[in-house]
Amino acid sequence: MAEQRKRIAIMGSTGSIGTQALDVIRSQAELFEVEILTAQTNDELLVKQALEFMPNAIVIGDEKKYEVVKLALASTNIKVFTGEHALEEVADFDTYDIMLAAIVGFAGLKPTLKAISKGKMIALANKETLVVAGDIVMQLALENRAPIIPVDSEHSAIFQCLVGESRNAIEKIILTASGGPFLGKKPNFLVNVKRDHALQHPNWSMGAKITIDSATLMNKGLEMIEAKWLFNLQPHQIEVVVHPQSIVHSLVQFEDGSLKAQIGLPDMKLPIQYALGFPNRIKNDFPRFNFRKYPALNFEEPDYKTFRNLGLSIEALKAGGNMACTLNAANEIAVWAFLKNRIGFLDITAVVEKTMETISFIKKPTLEEYFETDGEARNFAASMMKL
Ligand code: NAD
Ligand code: MG
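Residues numbered from 1 in each chain as written. Chains lettered and ligands numbered in written order. Predicted model: local features only at pLDDT ≥ 70, side-chain atom pairs only at ≥ 80, totals over all residues. Heavy atoms only, no water.

*Asks:* How would you explain the overall build of the chain if you had to name every residue and give the values?
*Replies:* Within the chain, the secondary structure is distributed over 16 helices and 11 strands. Here the chain has a C-alpha radius of gyration of 20 Å; the compact-globule value for 387 residues is 21 Å, and the two agree. Expressed as lengths along the three principal axes of its C-alpha atoms, the size of the chain is roughly 60 × 50 × 40 Å. Across the 387 residues of the chain, 53% fall into the buried class. (Helix = DSSP H or I, 4+ residues; strand = E, 2+ residues; numbered from the N terminus. Rg over C-alpha atoms; globule rule 2.2 N^0.38 Å. Buried < 20%, exposed > 50% of the residue type's maximum accessible area, 1.4 Å probe, protein only.)

Printed below as a string of structure tokens:
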């Protein structure tokens, strides 16, 4: 008899990761079905997705859009939720097997915690969840036996390299970074960079926030912190190397000096499919890597002096406590302001740095204290930018 199809809850289904996950599910319909879809504002796309995939329930975050969504789905049995607690309400359902956490930013934390507390498998794209409260998230996952399978391409690469290596210690991991659109540029250039230029990523097409994070290299900093929690590493075991072609997705070095890497074309559908299908690899027709098209792969040291977000992230990584939560909150606000043309590109780093200096440090925060830190850091960063 055929195996039961896995029922997927996609949190953030209208985003870059969410829509690519639906592409995967559409082409693997005998393996997966959609149980829950959620979106913040894009009601039109959410309704379209709901009519195609016929989930049990959907969430539209923006309450003003609730009536139109409800009306558009009046002829179906799809339950429509909105309001502050809607994401946690649907995350509490028993009727799904895997949550794909693909909301952007701090907003993804609560529903993911709810799913973990129910012992659900998490396919984790929302790296901010681990940056903000990694200790609590991982502890809860351990207690509830909730597997966390990374979707972030670098972490998926490391996870794939670790399959079959459970008895072998990691000496270090090496996260690859494309370098973003401003690789090789200096502050005198970056000071004049505008939003539209920063939104042009050379290798990946992603949501606006992570695209800016890639341009400032904050994305790689967040990923270092994400890796610390996912793979239980010390700060000195996490290295970054710039690899402009984005073909080597990351590497693990074992104690005998052997390195394992996962390699492939830059296409998020692969790590998404791997996480949903884990532990099975699923046959697909994605484009294949061809060595003839890549005669050279390059690796270089990041420019820490220019891209100071990396240094700030390492500081947060080493400090522990609520420091990474502060860094993340300040960065979310600063990136938002940059996208609205309210501050310059280099101001993003300045805001993060000043907020990290200002918000009180807590060595072992409770979840409540993480929420407070997030709020305080946002308020401080916003006041600094006169938002
Ligand atoms: P996106 O902006 O394209 O999509 C975000 C999704 O979250 C949308 O569906 C949106 O409706 C929803 N959302 C936004 N704000 C929300 C809020 N306040 N409450 C509830 N829902 C909200 O983002 P993305 O590029 O798909 O990234 C999603 C996450 O995955 C991020 O954490 C990002 O760092 C991570 N990630 C993305 C990529 C990529 O290629 N896009 C790669 C690796 C990791
Ligand atoms: Mg990544």
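*Asks:* Can you lay out the side chain of Gln20 for me, pointing to particular residues and giving the numbers?
*Replies:* By secondary structure assignment, the location of Gln20 is in helix α1 (residues 16-27). Given a relative accessible area of 15%, Gln20 falls into the buried group. Apart from the residues lying within four places of it in its own chain, the contact partners of Gln20 are Ser205, Asp267, Met268, Lys269 and Ile272. (Contact = heavy atoms within 4.5 Å.)

*Asks:* Lay out the coordination of the magnesium ion (ligand 2) in plain terms, naming residues and giving numbers.
*Replies:* The magnesium ion (ligand 2) binds to the protein through Asp152 (OD), Glu154 (OE) and Glu223 (OE); the donor distances cover 2.0 to 2.2 Å. Look at where the donors of the magnesium ion (ligand 2) fall in the sequence and you get D-x1-E-x68-E. Under the relative-accessibility criterion, Glu154 is labelled buried at 7%. (Donors = N, O, S within 2.8 Å, 3.2 Å for Na, K, Ca; no water.)

*Asks:* Tell me about the pattern of salt bridges, and name the residues and values.
*Replies:* Scanning the model with the defined rule gives 23 salt bridges in all. Taking the shortest distance from any N to any O, the salt bridge between Glu223 and Lys127 comes out at 2.9 Å. With Glu223 in helix α11 (residues 218-231) and Lys127 in the loop between β6 (121-124) and α6 (128-143), this pair connects stretches of sequence that are 96 residues apart. For the salt bridge of Asp196 with Arg195, the shortest nitrogen-to-oxygen distance reads 3.0 Å. Members of the salt-bridge network, linked through shared partners, are Lys127, Asp152, Glu154, Lys220 and Glu223. (Salt bridge = Lys/Arg side-chain N within 4 Å of Asp/Glu carboxyl O.)

*Asks:* Can you tell me about the nonpolar core, naming the residues and giving the values?
*Replies:* Grouped together as the largest cluster of nonpolar side chains are 120 residues, with contacts concentrated most on Ile25, Ile58, Ile173 and Phe231. A per-element tally of this core places helix α14 (residues 323-339) first, with 11 residues. Ignoring anything within four residues of it in the chain, the contact list for Ile173 reads Ile158, Ala227, Leu233, Gln237, Ile238, Glu239, Leu251 and Val252. (Core = buried A, V, L, I, M, F, W, Y, C linked by side-chain atoms within 4.5 Å.)

*Asks:* Hey, could you go over the site of ligand 1 for me, with residue numbers and the actual values?
*Replies:* The full set close to ligand 1 counts 22 residues, and Thr14, Ser16, Gln40, Glu128 and Gly207 are the nearest of them. The contact in question runs from an oxygen atom of ligand 1 to an N or O atom on the backbone of Gly12, over 3.3 Å. Taking Ile17, its main chain carries an N or O atom lying 2.9 Å from an oxygen atom of ligand 1. If ligand 1 stood free it would expose 820 Å²; the protein chains cover 85% of that surface. When its residues are assigned to classes, the shell around ligand 1 shows 11 nonpolar, 8 polar and 3 charged. Mapping the shell around ligand 1 onto the domain boundaries places at least three of its residues in each of domain 1 (2-150) and domain 2 (155-267 + 301-311). (Near = heavy atom within 4 Å. Polar contact = N/O pair within 3.5 Å; in protein donor to acceptor, adjacent residues only side chain to side chain. Areas by Shrake-Rupley, 256 points an atom, 1.4 Å probe, with all protein chains shown as cover. Nonpolar A, V, L, I, M, F, W, Y, C, P; charged D, E, K, R; others polar. Domains from an automatic or database assignment.)

*Asks:* Go over the sheet that holds β6 with me, naming the residues and quoting the values.
*Replies:* Strand order in the open sheet formed by 7 strands is β4-β3-β2-β1-β5-β6-β7, with parallel pairing between adjacent strands. The sheet terminates laterally at β4 (79-81) and β7 (148-150), the two strands that pair on one side only. With strand direction ignored, the average angle separating the axes of adjacent strands in the sheet is 20°. Alignment of strand β1 (residues 6-11) against strand β5 (residues 98-101), held across 4 bridges, turns out to be parallel. (Pairing = 2+ DSSP bridges. Axes fitted to C-alpha atoms, helices over the stretch in contact; angles between N-to-C directions.)

*Asks:* Residues and numbers for the sheet that holds strand β10 (residues 248-254), please.
*Replies:* With mixed pairing, the 4 strands of this open sheet are ordered in space as β9-β8-β10-β11. The open sheet has two edge strands with one neighbour each: β9 (238-242) and β11 (259-263). Ignoring strand direction, the axes of neighbouring strands in this sheet form an average angle of 20°. Where strand β8 (residues 170-177) and β10 come together, 4 bridges link them in antiparallel fashion. Note on β10: the bridge partner recorded for Lys172 is Gln253. With respect to the sheet, helix α7 (residues 153-162) is in contact with β8, β10 and β11, its orientation differing from that of β10 by roughly 40°.

*Asks:* So what's going on with the packing of aromatic side chains? Residues and values would help.
*Replies:* Counted under the stated rule, the structure contains 10 aromatic pairs. With a centroid separation of 6.0 Å and an interplanar angle of 70°, the aromatic rings of Phe81 and Phe93 are classed as edge-to-face. In this pair, Phe81 sits in strand β4 while Phe93 sits in the loop between α4 (86-91) and β5, placing the two residues 12 residues apart along the sequence. For the pair Phe81 and Phe93, a shared accessibility class is recorded, and that class is buried. Ring plane angle 85° and centroid distance 5.3 Å describe the contact between Phe106 and Phe371, whose orientation is recorded as edge-to-face. Taken as a pair, Phe106 in the loop between β5 and α5 (109-117) and Phe371 in helix α16 (residues 367-384) lie far apart in primary sequence, 265 residues in all. By relative accessible area, Phe371 is classed as partly exposed at 22%. (Phe/Tyr/Trp six-rings, centres within 6.5 Å; stacked < 30°, edge-to-face > 60°.)

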